[in-house]
Amino acid sequence: MIRRLAFALCLVALPAVAAEVTCPDLSAAQQVGNCASEEELKFGFTGYCSDNQRLYDKEDGTCLSLDHYKKIKDVALWEAGEFQGFLHCSKSAETIKASKLKHMGALRVGAMTRVVCSYDNGLDLTYRTKAACTVEGNKAVCKD
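Source: prediction; values computed, not measured. (Residues numbered from 1 in each chain as written. Predicted model: local features only at pLDDT ≥ 70, side-chain atom pairs only at ≥ 80, totals over all residues. Heavy atoms only, no water.)

**Thoughts on the state of the cysteines**
Under the defined criterion, the tally for this structure stands at 4 disulfides. Cys23 shares a disulfide with Cys117; S-S distance 1.9 Å. Disulfide Cys23 to Cys117: torsion about the S-S bond roughly -90°, handedness left-handed. Highlighted residues: Cys23 in the loop between β1 (18-22) and β2 (30-31) and Cys117 in strand β6 (residues 112-119), separated in sequence by 94 residues. The disulfide partner of Cys49 is Cys63, and the S-S distance across this bridge is 2.0 Å. Here the S-S torsion is close to -75°, and the disulfide linking Cys49 with Cys63 is therefore left-handed. In this pair, Cys49 is assigned in the loop between α2 (38-48) and α3 (53-56) and Cys63 in the loop between α3 and α4 (66-73), connecting sequence segments 14 residues apart. According to the relative accessible area criterion, Cys63 is buried, its value standing at 9%. (Disulfide = S-S within 2.5 Å. Helix = DSSP H or I, 4+ residues; strand = E, 2+ residues; numbered from the N terminus. Buried < 20%, exposed > 50% of the residue type's maximum accessible area, 1.4 Å probe, protein only.)

Written out as structure tokens, the structure reads:
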């Protein structure tokens, strides 16, 4: 009994472990999702924006036109380490990989924290964790 109590007190006395997260260099980013073909985008526009539009297109105006639909839906998943983001298919891989970091932020939403790295060319990659994170300089410090 005393051993268990001593062990429990040792666990309580341990400091919280903090992890440091830094934004990835996009030169190492990889596209892991495919871009939709023109036919797939037209099919999606027709199906999504037909009679069911009243259910889905309440606020963002996705269905204003095919061009507007493409601006929103023509994306592919990219990853760089633990970071992920849906990046627009109109940007070439060379443009994406050459993009430089502009800003880092952390946002707590419910039980999750999103560490967002914003790059030039309008690109964002996000790291999601249950730990609470704060941005300190060029890194996020995440504590369980």
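**Here's the deal with the packing of α2 against α4**
Remark: α2 packs on α4, axes separated minimally by 10 Å, with the N-to-C direction vectors making an angle of 110°. Classified by the angle between their axes, α2 and α4 sit roughly perpendicular to one another. Taking contact as the criterion, the partners of Glu38, Leu41, Lys42, Gly44, Phe45 and Tyr48 in α2 are, on α4, Leu66, Tyr69, Lys70 and Lys73. (Axes fitted to C-alpha atoms, helices over the stretch in contact; angles between N-to-C directions. Parallel < 35°, antiparallel > 145°, perpendicular 65-115°, else oblique. Contact = heavy atoms within 4.5 Å.)

**Some remarks on the pattern of salt bridges**
Within the structure shown, the criterion is met by 2 salt bridges. Measuring nitrogen to oxygen at the nearest pair gives 3.4 Å for the salt bridge that ties Lys139 to Glu20. Placement of the pair is Lys139 in strand β9 (residues 139-143) and Glu20 in strand β1, with a sequence separation of 119 residues. Taking the relative accessible area as the measure of exposure, Glu20 reaches 56% and is therefore exposed. For Lys70, the salt bridge goes to Glu38, with nearest N and O atoms at 2.4 Å. (Salt bridge = Lys/Arg side-chain N within 4 Å of Asp/Glu carboxyl O.)

**Section: the sheet that holds β9**
If you trace the 3 strands from one edge of the open sheet to the other, you get β1-β9-β8, paired in antiparallel fashion. Of all strands in the sheet, those bounded by a partner on one side alone are β1 and β8 (132-136). Strand after strand, the sheet turns through a mean of 25° between neighbouring axes, direction not considered. Two elements, β8 and β9, share 5 bridges in a ladder whose sense is antiparallel. Paired with Thr134 across the two strands is Val141, which belongs to β9. (Pairing = 2+ DSSP bridges.)

Honestly, it's all geometry; don't read function into it.
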